[in-house]
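Reading the structure
As a plain string of letters, each chain reads:
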Amino acid sequence: MTTRVALITGCGKRDGMGRAIANTLAASGVAVVVTDKQPTGVLNRRQEVVGGADESWGGVDSLVEEITGLGGTALSQLGDISVAEDAQRMVDTAAAWRGRLDILVNVAGAPQGLDRQDIEDVPIEAFDRQIAVNLRGTFLMSRFAVPHMRAQRWGRIINISSQAGQVAAAMSTAYSASKAGILGFTRALSADVAPWGITVNAIAPGMVATSRAMLSLDPNVNVDAEIKRRGSRLAVGRSGYPEDIAAAVAYLASDGAGYMTGQTLVLDGGGSGSMFAKKPPGAENHAGRG
């Protein structure tokens, strides 16, 4: 994939999926454009209240330095994917950078916290923000990327949805609605663009060990221990990591995935069937990061 150019949204956070995806694609020879609304990403409600932001991390600029320091090629941009003018600017700049745009990975998601409540307590503006960023943003970025991909008769669009878009998730009406919308959008768009050699697929992660995994406002929560506890309940015995999602993106972005489109790849550690999984004694000791 040495001739390919990828545009990846939501790359500002040090522990995020965007960073892992950008590093993985860059390592395969793809020139990557990494973006976010703010240099280090938008804080969740827990980060606003409790703190925990990494002051040593410079966001997308640090990511560019990281990639180029390893011999890769990268460019950073800032913009709000829910704003049409920003979305078009980022797409067109990425396409003009090296004369093409091959891969779009829609990772960016709205900050979480106020939306994760009973429906009676969800502020209407929090619902609107989830839809604006997660669903409208995916639509806008794809809308502006498609003409570039059609012109070259090849493209890969990969949308990050969520297990919450597929199953019943309590206290999650706004988030689930936006992520379910991404799945429907993925299927519909795949049918529109397939004749031009463009595939459109979604990934629906379950629990992934990022700052988005912890919404509690309790400052005394041991985040690492809580993530390990949740992961131990899954069939694979561990939580997901951003690198797990990045590996799936790398496949969907490849020539080898040309026969797969309109699909949702579920990466949940066997989460939907975990209640039926019976681990033999001592099996938990063999569950590694992978």
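You'll find the structure just up there.
These notes cover the structure that comes with them. (Residues numbered from 1 in each chain as written. Predicted model: local features only at pLDDT ≥ 70, side-chain atom pairs only at ≥ 80, totals over all residues. Heavy atoms only, no water.)

1. Observations regarding the overall build of the protein
Secondary structure assignment for the protein yields 8 helices and 7 strands. Burial analysis of the protein (290 residues in total) assigns 47% to the buried set. Residue pairs at least 24 apart in sequence account for 78% of intrachain contacts in the protein once pairs closer than 6 positions are excluded. When the accessible surface of the protein is summed, it comes to about 13400 Å², and 53% of that surface belongs to carbon and sulfur atoms. Charge centroids of the protein, computed over 28 positive and 28 negative side chains, lie 6 Å from each other. (Helix = DSSP H or I, 4+ residues; strand = E, 2+ residues; numbered from the N terminus. Buried < 20%, exposed > 50% of the residue type's maximum accessible area, 1.4 Å probe, protein only. Contact = heavy atoms within 4.5 Å. Areas by Shrake-Rupley, 256 points an atom, 1.4 Å probe, with all protein chains shown as cover. Lys, Arg positive; Asp, Glu negative; His and termini not counted. Charge placed at Lys NZ, Arg CZ, Asp CG, Glu CD.)

2. A few points about the sheet that holds strand S6 (residues 198-205)
The sheet built from 7 strands is open, its strands ordered S3-S2-S1-S4-S5-S6-S7 with parallel pairing. Of all strands in the sheet, those bounded by a partner on one side alone are strand S3 (74-78) and strand S7 (264-267). Across this sheet, the average inter-strand angle for adjacent strands is 15°, counted without regard to direction. By the bridge criterion, 4 bridges tie strand S1 (residues 5-8) to strand S2 (residues 31-36) in an arrangement that is parallel. By the bridge assignment, Ala-6 is partnered in S2 with Val-32. Seen against the sheet, helix H3 (residues 60-69) touches S2 and S3 and runs at an angle of roughly 175° to S3. Relative to S3, helix H4 (residues 84-98) is tilted by about 160°, and along the sheet it contacts S1, S2 and S3. (Pairing = 2+ DSSP bridges. Axes fitted to C-alpha atoms, helices over the stretch in contact; angles between N-to-C directions.)

3. A word on the pattern of salt bridges
In the structure shown here, the tally under the stated rule is 11 salt bridges. Where salt bridges share partners, they join Arg-4, Arg-100, Asp-102 and Asp-255 into one cluster. (Salt bridge = Lys/Arg side-chain N within 4 Å of Asp/Glu carboxyl O.)

4. Quick notes on the packing of H4 against helix H5 (residues 124-152)
Where H4 contacts H5, the two axes come as close as 9 Å, and the packing angle between them is 35°. Crossing angle aside, the handedness with which H4 passes H5 is right-handed. Between H4, through Ala-84, Ala-87, Gln-88, Met-90, Val-91, Asp-92 and Ala-95, and H5, the contact on the second element is made entirely by Arg-136, Leu-140, Met-141, Phe-144, Ala-145 and His-148. Looking at side-chain class alone, the contact of H4 with H5 contains 9 nonpolar, 2 polar and 2 charged residues. (Left-handed = near helix turned anticlockwise from the far one by under 90°. Nonpolar A, V, L, I, M, F, W, Y, C, P; charged D, E, K, R; others polar.)

5. Digging into the nonpolar core
One finds Ile-8, Ile-21, Leu-25, Val-32 and Val-105 to be the most contacted residues of the largest nonpolar core, which totals 33 residues. Elements with a minimum of two residues in this core: S1, helix H1 (17-27), S2, H3, strand S4 (103-106), strand S5 (155-160) and helix H8 (242-252). The leading source of residues in this core is H1, at 6 residues. In this structure, Ile-21 is in contact with Ile-8, Val-105, Val-107, Ala-246 and Val-249, ignoring residues within four places of it in sequence. The next biggest cluster of nonpolar side chains, apart from the first, holds 27 residues, and it includes Leu-140, Met-141, Phe-185 and Leu-189. (Core = buried A, V, L, I, M, F, W, Y, C linked by side-chain atoms within 4.5 Å.)

6. Description of the pairing of S4
The alternating pattern of S4 places Ile-103 and Val-105 and Leu-104 and Asn-106 on opposite faces, both of which are buried. Examined bridge by bridge, S1 and S4 share 3 bridges and lie parallel to one another. Across the sheet, the residue bridging to Leu-7 is Leu-104, located in S4. Examined bridge by bridge, S4 and S5 share 4 bridges and lie parallel to one another. Directly across from Leu-104, in S5, lies its bridge partner Ile-157. For the segment spanning S4, H5 and S5, crossover handedness is right-handed. (Right-handed = clockwise from strand over helix to strand, strands pointing away.)

7. What to know about the environment of Asp-218
Checked against the element boundaries, Asp-218 lands in the loop between S6 and helix H7 (223-232). For Asp-218, a relative accessible area of 35% puts it in the partly exposed group.

8. Describing the side chain of Ser-62
Along the polypeptide, Ser-62 turns up in helix H3. Its relative accessible area of 18% is what places Ser-62 among the buried residues. A polar contact is formed between the side chain of Ser-62 and the backbone nitrogen of Gly-58, at a distance of 2.8 Å. (Polar contact = N/O pair within 3.5 Å; in protein donor to acceptor, adjacent residues only side chain to side chain.)

9. So, a nonpolar patch on the surface
Together, Val-49, Val-50 and Leu-217 make up a nonpolar patch on the protein surface, roughly 220 Å² of accessible area in all. In this structure, Val-49 sits in helix H2 (residues 45-50). (Patch = residues over 30% accessible without salt bridge, like charges linked within 9 Å, V, L, I, M, F, W, Y side chains within 5 Å.)

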